[in-house]
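Remarks on the overall topology
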Amino acid sequence: MSDAIKGFTAPVRLAYTVNAGRAASRFLRGLAERRILGQRCPVCKKVNMPPRGACPTCGVPTEEEVQLSEVGTVTTFCIINIQFDAQARELPYACASILLDGADTTLFHLIQEVPVAEIRMGMRVRAVWDDERRPSLDSIRHFRAAGEPDAPYDSYKEHL
Amino acid sequence: MARDDENLTAPYVLEYKYRRSCGPVVGRFLAALKDGRLEGVRAADGRVIVPPTEYDEHGEPTGEPVALAPTGTVTAWSWVAAPRANHPLARPFAWALVKLDGADTALLHAVDAVEESRMKTGARVRARFAAADERVGHIRDLACFELLPGDAHE
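Residues numbered from 1 in each chain as written. Chains lettered and ligands numbered in written order. Predicted model: local features only at pLDDT ≥ 70, side-chain atom pairs only at ≥ 80, totals over all residues.

1. What about the sheet that holds strand E3 (residues 48–49) of chain B?
Residues and elements named next belong to chain B. With antiparallel pairing, the three strands of this open sheet are ordered in space as E3-E2-E4. A strand with exactly one partner marks an edge of an open sheet, and here the two such strands are E3 and strand E4 (65–68). Pairing analysis gives two bridges linking strand E2 (residues 38–42) to E3, with the strands arranged antiparallel. The residue of E3 that forms the bridge with Val-41 is Ile-49. Sheet strands touched by helix H1 (residues 23–34): E2 and E4. Its angle to E2, the strand with the most contacts, is close to 155 degrees. (Pairing = 2+ DSSP bridges. Helix = DSSP H or I, 4+ residues; strand = E, 2+ residues; numbered from the N terminus. Contact = placed C-beta atoms within 7 Å. Axes fitted to C-alpha atoms, helices over the stretch in contact; angles between N-to-C directions.)

Take a look at the structure:
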């Protein structure tokens, strides 16, 4: 007679097809050409990146397209020291919110080629593009130190 | 790839592989399924509840396991004409409440009736278990029920 069963796996699985929408599709196709695109809100004038076709603050459609710099400022960051599923990187590594020059919203991406202990708020970083060009955020392999003086806190304090 | 003026799409799977603890009463029921047997549990008022619960609907703790026959009667059913990927059977089947002989409550499971016209409330069914070496102590160890010969409603 078998021993009492203690537990079982009950997976919850939802298989979606995500539709990026018009604005984000343009953004992703831009990445395949090594261009980072945002959209400026006609009301508050802020540049949203990635663009969503509407300003999340003002609720109005956004159409004006703005090409952004591939250089930006680390606003906040975190260092990952713990292994988890679906993670194929050597520990430790860092992820950061990056305020690209010309944008008013931040991009969350990897920081590499720099010891994690040297990563800091205000650090200037530059995108490193992947050799393969495709309409995906993976076209940016990671960000590395740009070799510029740190940005003053006042320049990014509204974007934390 | 999509045309330049079409929206980009991509597959996206959200999955949580929960591991659930089942407790001693359901754990014993699942162990019996692994052994190819069906069990209920005796409630304080003498009824036999299957699948077994730790407490009855009045909040009274249940007692000893009760061995049950692999046969029962359909008390309600619903036809599935187009089974989905995670359904227990690949061909059309019925979800049914099956009151096992000796039980006082019904168990929800699949009936491999093949044709909807063969299903009826009151139909007699028999449990079909997965092969012994495939049973792991899961409700799917009970593969489905099948109609007893002579009871198919033509």
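2. Some words on the interface of chain B and chain A
Taken residue by residue, the interface counts 25 residues in chain B and 25 residues in chain A. Of all the elements in the fold, those that place two or more residues in the side of chain B that touches chain A are strand E1 (9–21) and H1 of chain B. The element best represented in the side of chain B that touches chain A is E1(B), accounting for 13 residues.

3. Here's the deal with the confidence of the model for chain B
Considering every residue of chain B, the mean pLDDT works out to 94; 95% of them sit at 70 or more. Across the interface, the model reports ipTM at 0.78; the global pTM reads 0.67. (pLDDT = per-residue confidence, 0-100.)

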